[in-house]
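Structural overview for review
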Amino acid sequence: MSILVTGGAGFIGSNFVLDWLAQSDELVINLDKLTYAGNLQNLATLADDARHVFVQGDFGDAALVAKLLLQYQPRAVVNFAAESHVDRSIHGPGEFIQTNIVGTFNLLEAVRAYWGALAAEARAGFRLLHVSTDEVYGSLAHTEPAFTETHRYEPNSPYSASKAASDHLVRAYHHTYGLPVLTTNCSNNYGPFHFPEKLIPLMIVNAQAGKALPVYGDGQQIRDWLYVKDHCSAIRRVLEAGQVGEVYNVGGWNEKPNLDIVQIVCALLDELKPRADGQPYQTQITYVTDRPGHDRRYAIDARKIEQELGWKPAETFESGIRKTVQWYLDHPDWVANVQSGGYRDWVVKHYGN
Ligand code: NAD
Ligand code: TYD
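To keep things clear, this report deals only with the structure shown in the data block. (Residues numbered from 1 in each chain as written. Chains lettered and ligands numbered in written order. Predicted model: local features only at pLDDT ≥ 70, side-chain atom pairs only at ≥ 80, totals over all residues. Heavy atoms only, no water.)

**Digging into the sheet that holds strand 9 (residues 222-227)**
For clarity, the cut-off: Pairing between strands is defined by DSSP: at least two bridges between the two strands are required. For the purposes of this entry, the term helix denotes a DSSP run of H or I that reaches at least four residues, the term strand denotes a run of E that reaches at least two, and both are numbered from the N terminus. Note on method: axes are straight lines fitted to C-alpha atoms, helices fitted across the in-contact stretch only, with angles between N-to-C directions ranging 0 to 180 degrees.
Taken in spatial order, the three strands make up an open sheet running 7-9-11, and their pairing is mixed. Each of the sheet's edge strands pairs with one partner strand only, and the pair in question is strand 7 (188-190) and strand 11 (255-257). Strand-to-strand twist in this sheet, taken as the mean axis angle between neighbours without regard to direction, amounts to 50 degrees. Strand direction decides the pairing type here: strand 9 and strand 11, joined by three bridges, are antiparallel. Bridged to Ile-222 within strand 11 is Pro-257.

**Concerning the site of ligand 1**
For the record, the criterion: A cutoff of 4 Å decides nearness: a residue is near a molecule or strand if any of its heavy atoms lies inside that distance of it. Polar contacts here mean pairs of N or O atoms no more than 3.5 Å apart (in protein, one a potential hydrogen donor and the other a potential acceptor; neighbouring residues in sequence count only if both atoms are side-chain atoms). Gly counts as polar in this scheme, as do all residues outside two lists: the nonpolar Ala, Val, Leu, Ile, Met, Phe, Trp, Tyr, Cys and Pro, and the charged Asp, Glu, Lys and Arg.
In the vicinity of ligand 1 there are 28 residues, among which Ile-12, Asp-32, Ser-84, Tyr-159 and Lys-163 approach most closely. Asp-32 places a polar side-chain atom, nitrogen or oxygen, 2.6 Å from an oxygen atom of ligand 1. The contact in question runs from an oxygen atom of ligand 1 to an N or O atom on the backbone of Asn-189, over 2.9 Å. Within the residue set of the shell around ligand 1, elements represented by two or more residues are helix 1 (11-23), strand 5 (127-133), helix 6 (158-177) and strand 7. The element that contributes the greatest number of residues to the shell around ligand 1 is strand 5, accounting for three residues. Considered class by class, the residues forming the shell around ligand 1 number 12 nonpolar, 12 polar and four charged.

**Observations regarding the site of ligand 2**
The cut-off we apply is this: Exposure was quantified through the Shrake-Rupley algorithm and a 1.4 Å probe, taking into account, for residues, occlusion by the shown protein chains and nothing else.
Taken together, the neighbourhood of ligand 2 is formed by 16 residues, with Glu-135, Pro-214, Asn-258, Arg-291 and His-294 sitting nearest. Within the contact set of ligand 2, an oxygen atom lies 2.9 Å away from a side-chain nitrogen or oxygen of Asn-188. Take Tyr-216: an N or O atom from its main chain is 2.9 Å from an oxygen atom of ligand 2. The protein chains hide 97% of the 510 Å² of surface that ligand 2 would expose on its own. Looking at side-chain class alone, the shell around ligand 2 contains seven nonpolar, four polar and five charged residues.

**Quick notes on the pairing of strand 5**
Stated precisely, the cut-off is as follows: Exposure is judged per residue with a 1.4 Å probe applied to protein chains only, and the accessible area is read against the type maximum: over 50% gives exposed, under 20% gives buried, and values in between give partly exposed. Note on handedness: a clockwise path from strand one over the helix to strand two, with the strands aimed away from the viewer, defines a right-handed crossover.
Burial of strand 5 is extensive: seven of the seven residues sit out of reach of the surface. Burial of strand 5 is two-sided: the residues Arg-127, Leu-129, Val-131 and Thr-133 facing one way and the residues Leu-128, His-130 and Ser-132 facing the other way are all buried. Pairing of strand 4 (residues 76-79) with strand 5 involves four bridges; the strand directions are parallel. When the bridges of strand 5 are listed, Val-77 appears paired with Leu-128. Two elements, strand 5 and strand 6 (residues 181-186), share six bridges in a ladder whose sense is parallel. Bridge pairing links Leu-128 to Val-181 in strand 6. Between the parallel pair strand 5 and strand 6, the chain is carried across by helix 6, and the sense of this crossover is right-handed.

**With respect to the side chain of Asn-189**
Selection criterion: Contacts are assigned to residue pairs with any non-hydrogen atoms lying within 4.5 Å of each other.
Of note, Asn-189 is situated in strand 7. With a relative accessible area of 7%, Asn-189 lands in the buried category. In this structure the side chain of Asn-189 is engaged in a polar contact, spanning 2.9 Å, whose partner is the backbone oxygen of Ser-187. Among the polar contacts listed, one links the side chain of Asn-189 to the side chain of His-231, at a separation of 2.7 Å. If we skip the residues at most four places from it in the chain, Asn-189 touches Phe-11, Ile-12, His-194, Trp-225, Leu-226, Val-228 and His-231.

**What about the packing of aromatic side chains?**
Worth spelling out the cut-off: Pairing of aromatic rings covers Phe, Tyr and Trp, the last counted by its six-membered ring, and requires centre-to-centre distances within 6.5 Å; plane angles under 30 degrees mean stacked, over 60 mean edge-to-face, and any other angle means tilted. Here, a charge over a ring means that NZ of Lys or CZ of Arg falls within 6 Å of the ring centre while also lying within 35 degrees of the ring normal.
Evaluation of the coordinates by the stated rule reveals 17 aromatic pairs. Taking 5.0 Å as the distance between ring centres and 35 degrees as the angle between the ring planes, the aromatic pair formed by Tyr-137 and Phe-147 counts as tilted. On the criterion of sequence distance, the pair formed by Tyr-137 in the loop between strand 5 and helix 6 and Phe-147 in the loop between strand 5 and helix 6 is long-range, its members being 10 residues apart. Considered together, Tyr-137 and Phe-147 belong to a single accessibility category, that of buried residues. Feature note: the residues Tyr-137, Phe-147, Tyr-153 and Tyr-298 constitute an aromatic cluster, connected by ring pairs. For Arg-112, the ring lying beneath its charged end belongs to Tyr-177, and the centroid distance is 3.8 Å.

**A look at the packing of helix 9 (residues 258-272) against helix 11 (residues 317-330)**
Definition in use: Roughly parallel covers angles under 35 degrees, roughly antiparallel covers those over 145, roughly perpendicular covers 65 to 115, and oblique covers all other angles. Left-handed describes a crossing whose near helix is turned anticlockwise from the far helix by less than a right angle; the clockwise case is right-handed.
At their nearest, the axes of helix 9 and helix 11 sit 10 Å apart, and the two run at 55 degrees to each other. By the angle between their directions, the pair helix 9 and helix 11 is classed as oblique. For the pair helix 9 and helix 11, the crossing hand works out as right-handed. Here Ile-261, Ile-264, Val-265, Leu-268, Leu-269, Glu-271 and Leu-272 of helix 9 lie close against helix 11, whose contacting residues are Phe-317, Ile-321, Arg-322, Val-325, Gln-326 and Leu-329. Residue classes in the contact of helix 9 with helix 11 are distributed as 10 nonpolar, one polar and two charged.

**Examining the state of the cysteines**
Note the threshold: Any cysteine sulfur atom paired with another within 2.5 Å is treated as part of a disulfide.
What the rule picks out here adds up to zero disulfides. As a non-bridged cysteine, Cys-186 has Cys-232 as the owner of its nearest cysteine sulfur, 9.3 Å distant. Residue Cys-186 is classed as buried on the basis of its relative accessible area of 3%.

**A closer look at the environment of Ile-300**
Along the polypeptide, Ile-300 turns up in the loop between strand 12 (285-288) and helix 10 (303-309). Owing to a relative accessible area of 4%, Ile-300 belongs among the buried residues under this scheme. Sequence separation of Ile-300 and Gln-243 is 57 residues, and the distance between their C-alpha atoms is 20 Å. The residues touching Ile-300, leaving out its near neighbours within four places in the chain, are Asp-134, Ala-146, Phe-147, Asn-185, Ser-187, Asp-224, Asn-249, Val-250, Gly-251 and Trp-253.

So this is what it looks like as structure tokens:
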């Protein structure tokens with residue numbers, strides 16, 4: 001038995017592969033293009049592990065995907081591959097359209113052909129799980145209830161619009177062709193291997209480097225935060241027991257304004273690695289121009305996955321963020337390697353010098 005994972009060298013994908021193989025001996029075929037966000041270092045502990053087959057390639061290359069499907073006959077495909085950073089999608093949306101929409105379409109075509117040719121039993125057991133985001137639902141006012149699975153789609157950034165389009169394609173392949181799909185829409189993740197262009201790792205890394213901690217606008221935008229390992233356990237649970245064709249929202253019941261997040265990270269660093277001059281890290285907070293079209297609030301209603309599949313997050317935000325800050329303190333080499341690559345160019349382009 002095996003599963004095919006796309007984008008398994010990225011932040012969530014690599015955590016998923018590591019967790020999967022920590023709990024099962026089922027072979028993982030990991031197809032990743034290794035864009036700036038893909039980092040094989042995340043999977044270094046699997047370098048000599050025969051249960052992990054890494055293939056560098058494009059999940060939108062239908063011929064390559066068809067070949068891998070035929071060769072390994074996986075019982076499931078878990079699709080993480082995407083361009084994932086909202087700010088990059090604002091600077092250059094084209095790659096998001098190509099990867100998130102066209103890439104997902106090509107993947108669906110290859111999977112449909114493979115699934116259609118399977119013997120009855122394998123066909124009945126096969127699943128394609130599409131990993132998506134709460135951002136497809138748009139922005140909430142403070143008084144509005146959290147997103148349920150039936151909330152209307154109102155994406156506001158090229159990133160969220162491209163993910164919304166991919167969700168619609170996945171849905172359509174179920175309704176039209178009967179492809180056995182599952183979709184998860186998750187809130188903001190944080191944890192080990194998070195690329196330091198995103199809020200939490202950027203703050204941890206910049207703080208230690210004595211750099212500014214750039215808070216967009218007034219810092220009062222609200223996100224729901226989930227520890228990445230909890231997202232991985234939710235995906236495993238949906239793959240195992242989710243109803244074909246259904247959507248499951250995944251969240252941490254943990255809404256916080258960005259400024260609070262930055263202050264919590266600063267306080268943990270004050271405790272775990274105080275500044276040499278004794279000053280608190282939050283003196284490095286700098287308010288910068290807001291993100292265009294910045295969504296004000298995301299909130300996930302995760303009752304469906306809890307009630308129907310019995311999934312709940314294991315970490316509180318307090319325990320998860322402490323583990324995360326400690327992980328970055330314990331892995332300076334990982335951070336240094338990431339920073340010596342394309343990351344630096346991006347920082348200059350986006351924030352200037
Ligand atoms: P990431 O940017 O860290 O990783 C994306 C991975 O996909 C990288 O390894 C990259 O090399 C790979 N990739 C990109 N284009 C590819 C292609 N054409 N073919 C094969 N591989 C390709 O992203 P992430 O944060 O790990 O997110 C993974 C998935 O989860 C995405 O679909 C994202 O939309 C979704 N998601 C992310 C979050 C979050 O907070 N990070 C929350 C909810 C949902
Ligand atoms: P981010 O980590 O990019 O995730 P997303 O945009 O997918 O939610 O950003 C999280 C929040 O933090 C978002 O409201 C934008 C804000 N933010 C900052 O204030 N400063 C920053 O430097 C970054 C990267 C994000």
